[in-house]
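# Inside the fold
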Amino acid sequence: MRHLFLFIAAMGLAGCATQAPVQVDPVVASIPASLHVPPKQMVAAKALFEGGLIYTCSNLAPKGMPAIFDWEETGSQGALTFEDGGYGRYEGQAFTWRLEQSTLQGVLVRSWMGNARTDAPWGLYKTIGAAGNNVLAQVNWIQRIGTQGGAIPTVACNEKFLGTRHAVKANAYFIFWKDLA
């Protein structure tokens with residue numbers, strides 16, 4: 001939880017030009033360029049995710065090609081604690097974020113595995129649908145960073161286990177981005 005407060009403090013103050021330089025949390029400073037959002041975006045919200053990621057043993061090979069069995073992240077289930085004190089959910093197979101009566105869906109555009117093979121990959125998601133009237137309805141991009149846990153299962157994934165699902169406990173930070181006003 002200490003990391004969340006450092007993260008939120010660093011993100012909240014990073015854009016203030018009138019203040020003395022702020023020491024940025026190493027998690028924020030280490031977001032790789034491949035996960036940066038496009039220009040002309042601003043932070044709309046930040047949240048801590050606590051829950052689990054769901055992996056399914058799948059054949060990832062294109063149709064007609066020899067099978068390539070591996071674990072694929074196919075969903076999530078857990079709580080979101082927004083920096084403003086709001087509570088929401090991150091759930092489902094379509095990467096869905098919920099806050100009050102608003103719903104946001106995204107698609108994974110890029111991921112970065114990082115150095116810790118025990119943690120889920122960081123990700124950049126593009127919004128593909130939004131409904132509601134709060135901050136989530138304005139979001140274009142979502143970053144999942146600072147993951148702890150949630151790594152791809154180490155148990156076998158082959159033809160025998162095709163379709164098997166495996167849940168893994170995970171925590172992460174989400175940064176929600178919207179167009180500059």
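Cut-off values and rules
Residues numbered from 1 in each chain as written. Predicted model: local features only at pLDDT ≥ 70, side-chain atom pairs only at ≥ 80, totals over all residues. Heavy atoms only, no water. Helix = DSSP H or I, 4+ residues; strand = E, 2+ residues; numbered from the N terminus. Pairing = 2+ DSSP bridges.

Phi is positive for K40, which is not a glycine, with a value near 65 degrees. Even without a glycine there, the phi angle at E100 is positive, about 50 degrees. Along the chain, E100 turns up in the loop between strand 4 (96-99) and strand 5 (102-112).

Moving on, we get to the pairing of strand 3 (residues 87-92). Put simply, side chains in a regular strand alternate between the two faces of the sheet. Sheet topology note: the strand 2 (residues 69-82)/strand 3 ladder contains six bridges and is antiparallel. Looking at strand 3, one finds that A79 is bridged to R89. The turn joining strand 2 and strand 3, which pair antiparallel and follow one another in sequence, is formed by four residues; a positive phi near 100 degrees is taken by G85. Sheet topology places strand 3 next to strand 4; four bridges connect them, and they run antiparallel. Within the sheet, the bridge partner assigned to Y90 lies in strand 4 and is W97. From the end of strand 3 to the start of strand 4, which pair antiparallel, there are three residues, and F95 there has a positive phi angle of about 45 degrees.

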